[in-house]
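Here's the letter readout for the chains.
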Amino acid sequence: MAERPTVSVVLPVKDGALFLGGAINSILGQTLEDIELVVVDDASTDETAAIARAAAVRDKRLRFVASEGRGIVDALETGIALTTGEFVARMDHDDVALPWRLERQVAHMRDRQYLGLVGGAIELIDGVGRLLRRIECPTDPVALHELVLSRVCFASPTTMVTRDALDEVGGFRRLFEPAEDVDLCIRV
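No experiment lies behind these values; they were computed from the predicted model shown.

## A word on helix α3 (residues 72-81)
Logical step 1: Listing the buried residues of α3 in full gives Val73, Asp74, Ala75, Leu76, Gly79 and Ile80.
Logical step 2: Buried residues belonging to α3 abut β1 (7-13), β2 (35-41), β4 (87-90), α6 (163-169) and α7 (180-187).

## Section: the side chain of Glu180
Logical step 1: With respect to the helices and strands, the residue Glu180 is situated in helix α7.
Logical step 2: The buried category is assigned to Glu180, whose relative accessible area is 2%.
Logical step 3: Of note is the side chain of Glu180, whose polar atom sits 3.1 Å from the side chain of Arg90.
Logical step 4: Those residues in contact with Glu180, other than ones at most four positions away along the chain, are Ile72, Val73, Leu76, Arg90, Phe172 and Arg173.

## Section: the pattern of salt bridges
Logical step 1: Going through the model one piece at a time under the given rule, you end up with 13 salt bridges.
Logical step 2: One salt bridge connects Glu86 with Arg110, and the closest N-O pair in it is separated by 2.6 Å. With a gap of 24 residues between them, Glu86 in the loop between α3 and β4 and Arg110 in helix α4 (residues 101-111) connect regions that are remote in the sequence.
Logical step 3: For Glu86, a relative accessible area of 31% gives the class partly exposed.
Logical step 4: We note a salt bridge from Arg134 to Glu136, for which the minimum N-O separation is 2.4 Å.
Logical step 5: What emerges from the salt-bridge pattern is a single network uniting Glu68, Arg70, Asp74 and Arg174.

## Observations regarding the nonpolar core
Logical step 1: Counting 28 residues, the largest nonpolar core has Val7, Leu11, Ile24, Leu37, Val39, Leu62 and Met160 as its most contacted members.
Logical step 2: Per element, the largest residue contribution to this core is five residues, and it comes from helix α1 (residues 17-28).
Logical step 3: Ignoring sequence-local partners within four residues, the contact set of Leu37 consists of Val9, Leu11, Ile24, Ile27, Leu28, Arg61, Leu62 and Arg63.
Logical step 4: By size, the runner-up hydrophobic cluster in this structure holds 17 residues, among which are Ile80, Leu147, Cys153 and Leu166.

Rules and cut-offs
Residues numbered from 1 in each chain as written. Predicted model: local features only at pLDDT ≥ 70, side-chain atom pairs only at ≥ 80, totals over all residues. Heavy atoms only, no water. Buried < 20%, exposed > 50% of the residue type's maximum accessible area, 1.4 Å probe, protein only. Helix = DSSP H or I, 4+ residues; strand = E, 2+ residues; numbered from the N terminus. Contact = heavy atoms within 4.5 Å. Polar contact = N/O pair within 3.5 Å; in protein donor to acceptor, adjacent residues only side chain to side chain. Salt bridge = Lys/Arg side-chain N within 4 Å of Asp/Glu carboxyl O. Core = buried A, V, L, I, M, F, W, Y, C linked by side-chain atoms within 4.5 Å.

So, in structure tokens, the structure goes:
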């Protein structure tokens, strides 16, 4: 891995043992291997910490951090503070990323250097992986701009932001929790 990874992925989790292994594996199995993954455990009471620690032993790109249970914004900010990537991606403990997610997002942002943030569509699946429905996101800039002011346009675990844009807007804000993701998207 390069001294500064291309992408830093931050995965906040609280009591997420049931699905955490799948989320971690989907990030560590990305076609873009030049990544770091920071799993921030927000004072879980289940096997979350053991799962993340075991994954960190298997793959040195993963760093596990225990936090004090102060909520998702603190967990996100704790993780972001430990990262150095050119891009920062978010992942949630109960989601699975397609293998090319990070590679395609980086290529898209590098081709369009005016972008500060990207996100994408999601497929909702049940506990055994059956597709329930797909939620699309607009790609037209005008439609996207109008929609972002009224509802969530991107699912959190599909977002990637440039480090510069994240620093410029000051990161996530606790005041807007649990809509910290919408707040960040609007400001970027």
